[in-house]
Amino acid sequence: MIDDGSPYGLIDAASIVVEDGRVCWVGAADQLPAGMQPDVIHRLDGALVTPALIDCHTHLVFGGSRASEFEQRQLGASYADIARAGGGILSTVAATCAASDSELLRSALTRIDALLAGGVGVVEVKSGYGLTIEHELRMLRVARALASQRPVTVRTSWLAAHAVPPAYCDRADAYIDDVVIAGLQAAHAEGLVDAVDGFCETIAFSPAQIERVFDAAAALGLPVKLHAEQLSDQQGAVLAAQHGALSVDHLEYLAPNDVGALAAANTVAVLLPGAFYALGESRQPPLTALREHGVPIAVATDCNPGSSPLLSLTTAMNMACTLFALTPEEALVGVTRNAAAALGLAGTHGVLAAGARADLAVWDAEHPAELSYWIAGNAPVARFHAGARL
């Protein structure tokens, strides 16, 4: 599977030549240029090869569990009801702050191992369960440590603007100043941040507050992204697009008339069907408008303890097809090329092309549609990280 504009970019009897961890040639084996015979050959016996998958929206570092909230939702409580009663994000904050660094790392490694086993080679990890400078920084240090423990590329997002902690009740603006912006500056100085995120919602932060965070990110030269239009239409996606956001994520309440702003900014729309499924939502993102405007669409697990306890990106692909009517090709592009763009990695990850990193997944499949067709159970038969077979 290569990125050549044809359906799936699929070619038969292909060869991929790798040098110094990057693809230097890909095409039909009988067209291999003279002089490109490699020293080491891996014969894959007709297996399907794709770029390693990219999970561009996760909350992998956290403490505790919220299985009890799952029970509450089955008894009729809404996500917003639970959050207002002190559950939701705040309950995970308490558990995360109580856990040691080693406990956070150990549990996050268990989760990332499940994603890697499913063909993932790049994972985005957000902070957001600390809500103090100390604990937000700690989360990102743990996230960075994942890449030293496993063959994976980790991108980190500063998400201190995730919820208002009790200490700042009715003082959200002060929290933005004291923790979100001040902490961002400290995290940037420590080299812990690849992007800046926020939660723009009635139970979280207003567009005006998020804009202040975005301005602080711009002052540091950091790209932004946003949880937007998940539970209501706050026009956060439009705001994010105005700031040149890499992505806007969720989007169930995005107004079709606002989709043009995303297209103009080349902002990726990240769909999170796991949260849609787990919360029993019924309002779908405006797929028709996204397609008509040519907005790149990505798919991610949104792995988190409350609204999307999902550890399989191929299952998220299936959900995106069955719940949001994506085609299998759109789903695959959504976890490769478009997911890379959502992380600022366009051209270097998520494609099989000269110059791209040789992160590959090898599948026992006759056609790429099988990756979205199976509900779980999909696992690659081999993986390559920077050209090294794992």
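Everything here concerns the structure above.
I will try to describe carefully the structure that is included in this document. Since we're looking at a predicted model, the values are computed, not measured.

Comments concerning the overall build of the protein chain
Helices and strands together make up the secondary structure of the protein chain, namely 15 helices and 14 strands. Taking 21 Å as the expected radius of gyration for a compact globule of 390 residues, we find that the protein chain reaches 20 Å, a close match to that expectation. In terms of overall dimensions, the protein chain has C-alpha extents of about 70 × 45 × 40 Å along its principal axes. The buried share of the protein chain, taken over its 390 residues, is 55%. A sequence separation of at least 24 residues applies to 70% of the contacts in the protein chain between residues at least 6 apart. Taken together, the 22 basic and 42 acidic charged side chains of the protein chain have centroids lying 5 Å from each other.

Describing the nonpolar core
Counting residues in each nonpolar core, the largest one holds 96 residues, and the members touching the most others are Trp 158, Val 193, Val 196 and Leu 326. No other element matches helix α6 (residues 172-189), which puts eight residues into this core. If sequence neighbours within four positions are ignored, Val 193 has contacts with Leu 140, Arg 144, Thr 156, Trp 158, Leu 184, Ala 187, His 188 and Leu 222. Core analysis: the second largest hydrophobic core is formed by 13 residues, Ile 54, Val 268, Val 270 and Leu 345 among them.

Quick notes on the sheet that holds strand β11 (residues 297-299)
Taken in spatial order, the eight strands of this open sheet run β4-β5-β6-β7-β8-β9-β10-β11, and their pairing is parallel. Every interior strand has two partners, whereas the edge strands, β4 (53-55) and β11, have only one. The mean angle between the axes of side-by-side strands here comes to 25°, regardless of whether they run parallel or antiparallel. Note that strand β9 (residues 247-250) and strand β10 (residues 268-271) share three bridges and pair parallel. Counterpart to Asp 249 in the pairing with β10 is Val 270. Taken strand by strand, α6 contacts β6 (153-161) and β7 (195-200), and its axis lies near 155° from that of β6. In the packing of helix α12 (residues 313-324) onto the sheet, contacts are made with β4, β5 (120-126), β10 and β11, and the angle to β4 comes to roughly 80°.

Some remarks on the state of the cysteines
Summed over the entire model, instances satisfying the criterion amount to zero disulfides. Free of any disulfide, Cys 200 has its nearest cysteine sulfur in Cys 56, 19 Å distant.

Looking at the pattern of salt bridges
It is possible for side chains bearing opposite charge to pair when their charged atoms get close. Within this structure, the stated rule accounts for 12 salt bridges. A salt bridge links Glu 124 to Lys 126, with the shortest nitrogen-to-oxygen separation between them at 2.6 Å. Two residues, Arg 141 and Glu 190, come together in a salt bridge whose shortest N-O distance is 2.6 Å. Of this pair, Arg 141 sits in helix α5 (residues 133-149) while Glu 190 sits in the loop between α6 and β7, placing them 49 residues apart in sequence. Given a relative accessible area of 39%, Arg 141 falls into the partly exposed group. Take Glu 190: its relative accessible area is 39%, and that puts it in the partly exposed class. Through salt bridges that share partners, Glu 124, Lys 126 and Asp 197 make up one connected network.

Concerning the side chain of Gln 230
Considering the arrangement of structural elements, one finds Gln 230 in the loop between β8 (225-228) and α8 (236-242). Sequence-distant contacts of Gln 230, that is, excluding residues within four places in its chain, are made with Phe 199, Glu 201, His 250, Glu 252, Tyr 253, Ala 275 and Leu 279.

Here we look at the packing of α6 against helix α7 (residues 207-219)
Where α6 meets α7, the closest approach of the two axes is 10 Å, and the angle between their N-to-C directions is 20°. Of the possible angle classes, the one that applies to α6 and α7 is roughly parallel. Remark: the crossing between α6 and α7 carries right-handed chirality. Along the contact surface, α6 presents Ala 172, Asp 173, Ile 176, Asp 177, Val 180, Ile 181 and Leu 184, while α7 presents Gln 209, Arg 212, Val 213, Ala 216 and Ala 217. Split into classes, the residues belonging to the contact of α6 with α7 amount to eight nonpolar, one polar and three charged.

Cut-off values and rules
Residues numbered from 1 in each chain as written. Predicted model: local features only at pLDDT ≥ 70, side-chain atom pairs only at ≥ 80, totals over all residues. Heavy atoms only, no water. Helix = DSSP H or I, 4+ residues; strand = E, 2+ residues; numbered from the N terminus. Rg over C-alpha atoms; globule rule 2.2 N^0.38 Å. Buried < 20%, exposed > 50% of the residue type's maximum accessible area, 1.4 Å probe, protein only. Contact = heavy atoms within 4.5 Å. Lys, Arg positive; Asp, Glu negative; His and termini not counted. Charge placed at Lys NZ, Arg CZ, Asp CG, Glu CD. Core = buried A, V, L, I, M, F, W, Y, C linked by side-chain atoms within 4.5 Å. Pairing = 2+ DSSP bridges. Axes fitted to C-alpha atoms, helices over the stretch in contact; angles between N-to-C directions. Disulfide = S-S within 2.5 Å. Salt bridge = Lys/Arg side-chain N within 4 Å of Asp/Glu carboxyl O. Parallel < 35°, antiparallel > 145°, perpendicular 65-115°, else oblique. Left-handed = near helix turned anticlockwise from the far one by under 90°. Nonpolar A, V, L, I, M, F, W, Y, C, P; charged D, E, K, R; others polar.

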